[in-house]
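# Structural characterization, general
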Amino acid sequence: MCVKMEQETEKRKEGKSEENEEKWVHDASVDYKGRLPLRASTGVWKASLFILTIEFSERVCHFGLSSNLITYLTKVMHKDLNTATKNVNYWVGATTLMPLIGGFVADAYTGRYRMIIYSSLVYLKGLSMLTMSQFMPILKPCNNEICDRPRKFHEVVFFFALYCIALGTGGYNNFKIPPASMASVTAISSIISVPIYDKIIVPILRKVTGNERGISIFRRIGIGLTFLVLAMVVAALVETKRLKTVEHQVLTVGGTRHETMSVLWLIPQNLILGLGADSLSLIGLQEYFYDQVPDSMRSLGMALYLSVLGAGFFLSSFLIIIVDHVTGKNGRSWIAKDINSSRLDKFYWMLVVVNALNLCLFIFLAKRYTYKTVHRKASEIDGCNSDAVEIVA
């Protein structure tokens, strides 16, 4: 009898101990004061709404800038296409590499909350300077509406503001459609395709493959990279058609002009990028860098994901320099001063080859990769305690 009572007492103590354990978050997270967070009063939507608001605002600003930056550099600042493209790639590369530094500082020193606050202030400073450079007379590119060359002071302020925005990212008219707006097709198609993939396709694949994710992370990335090759093929074909269209001249009342081509031809390649490449390969990369790093390095893991993109933009600039140097020897560079005198169709076909080789290398390495084993706590199944071990795949 006494033994039974002792056993019941022990069970109650264990139950209370487990109950107390469940009150606290034990995944290496801390609150903004560096304390162990209480599960009931932290996280969930309280934290999510804060992050989502900051991230949504930052992404709107980023895509607005990156989509129109090359147009501004060529039309307002009168940079040639080659220089403008390199400047855009340098900025986007810096923007996506900065989180590597921000993630390290957040994990090691400041914490994620303070890092987001500091980064937001720097980002806001950059946006304010960009706004002032368009409204304050002393900071405007020209005294008049049109000028051959902008003020040097405007150039300094403009690029300083851009790189303030890049640093801040380290923590997080007339019915004519501008070509830059086609980037929104990629974003919209991603927004639509991600929930369709997660809510419809994944459950179907889960039943077929038995994999919790439907397919493995690397298969998802590989399919996305295949779509990327297809997008480059479409881009090359569209550019070939555009160049043929430009060669034709149309008679008008005032004389002749080059035949134009609808900007809507850019939709297919952007649609493929959003539906396939972004929603599969980029989100697959996010899952990889989040799952395959230690819990205490989650911020750094996501920064590594962005740094991969940043390295890609810098490599893109390097590739443009090499292509311009090699093809320029023949008298006509593939990336000339303006788009009509360039041969971007050949450049896109070269990217098809580069991406195809990249896909082959990825498949070769993915087949030899071993996923990290994730150990879960003991869980009660059918009234019995059992230790569950899951292999992330």
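Going by the structure above, here's the rest.
A brief report on the enclosed structure follows. (Residues numbered from 1 in each chain as written. Predicted model: local features only at pLDDT ≥ 70, side-chain atom pairs only at ≥ 80, totals over all residues. Heavy atoms only, no water.)

### A few points about the environment of tryptophan 334
Within the secondary structure layout, tryptophan 334 lies in the loop between α9 (298-328) and α10 (344-366). Once the C-alpha coordinates of tryptophan 334 and isoleucine 320 are considered, the two residues, 14 residues apart in sequence, prove to be 9.2 Å apart. Non-local contacts of tryptophan 334, meaning those with residues more than four positions away in its chain, are made with Val323, Thr327, Ser342, Arg343, Leu344, Lys346, Phe347 and Met350. (Helix = DSSP H or I, 4+ residues; strand = E, 2+ residues; numbered from the N terminus. Contact = heavy atoms within 4.5 Å.)

### Concerning the nonpolar core
Grouped together as the largest cluster of nonpolar side chains are 20 residues, with contacts concentrated most on Leu69, Leu73, Trp91, Leu130, Phe158 and Leu162. Excluding residues within four positions of it along the chain, tryptophan 91 makes contact with His62, Leu65, Ser66, Leu69, Leu162, Tyr163, Ile165 and Ala166. Within the second largest apolar cluster, twelve residues are counted, among which are Leu225, Phe289, Leu359 and Tyr371. (Core = buried A, V, L, I, M, F, W, Y, C linked by side-chain atoms within 4.5 Å. Buried < 20%, exposed > 50% of the residue type's maximum accessible area, 1.4 Å probe, protein only.)

### Concerning helix α5 (residues 152-169)
An ideal rise of 1.5 Å per residue puts 26 Å on 18 residues; α5 measures up with 26 Å between its terminal C-alpha atoms. When α5 is considered as a whole, its buried residues turn out to be His154, Glu155, Val157, Phe158, Ala161, Leu162, Cys164, Ile165, Ala166, Gly168 and Thr169. (Expected span 1.5 Å × (residues − 1).)

### Digging into the pattern of salt bridges
This model, assessed by the stated rule, comprises five salt bridges. Between glutamate 287 and arginine 213 there is a salt bridge; the shortest N-O distance is 3.5 Å. One end of the pair, glutamate 287, is in helix α8 (residues 267-291); the other, arginine 213, is in the loop between α6 (183-209) and α7 (217-247), and 74 residues separate them in sequence. Under the relative-accessibility criterion, glutamate 287 is labelled partly exposed at 22%. The exposure class of arginine 213 is partly exposed, given its relative accessible area of 23%. Put simply, arginine 343 and aspartate 345 hold a salt bridge, and the shortest N to O gap is 2.7 Å. Residues participating in the shared-partner salt-bridge network are Arg213, Arg220 and Glu287. (Salt bridge = Lys/Arg side-chain N within 4 Å of Asp/Glu carboxyl O.)

### Considerations on a nonpolar patch on the surface
On the surface, a cluster of nonpolar side chains totalling about 640 Å² of accessible area is made up of Ile188, Ile192, Ile196, Ile200, Ile201, Ile204 and Val208. With respect to the helices and strands, isoleucine 192 occurs in helix α6. (Patch = residues over 30% accessible without salt bridge, like charges linked within 9 Å, V, L, I, M, F, W, Y side chains within 5 Å. Areas by Shrake-Rupley, 256 points an atom, 1.4 Å probe, with all protein chains shown as cover.)

### Considerations on the packing of helix α3 (residues 81-110) against α5
Interaxial distance between α3 and α5 falls to 6 Å at its minimum, and their mutual angle equals 30°. By the angle class used here, α3 and α5 are roughly parallel. In this structure, α3 contributes Asn87, Tyr90, Trp91, Ala94, Thr95, Met98 and Pro99 to the contact, and α5 contributes Phe159, Leu162, Tyr163, Ile165, Ala166, Leu167 and Thr169. Across the contact of α3 with α5, the residue classes break down as eleven nonpolar, three polar and no charged. (Axes fitted to C-alpha atoms, helices over the stretch in contact; angles between N-to-C directions. Parallel < 35°, antiparallel > 145°, perpendicular 65-115°, else oblique. Nonpolar A, V, L, I, M, F, W, Y, C, P; charged D, E, K, R; others polar.)

### A few points about the packing of α7 against α10
Put simply, α7 and α10 touch, their axes get as near as 8 Å, and they point 170° apart. With respect to each other, α7 and α10 are oriented roughly antiparallel. Split by residue class, the contact of α7 with α10 holds 20 nonpolar, five polar and two charged.

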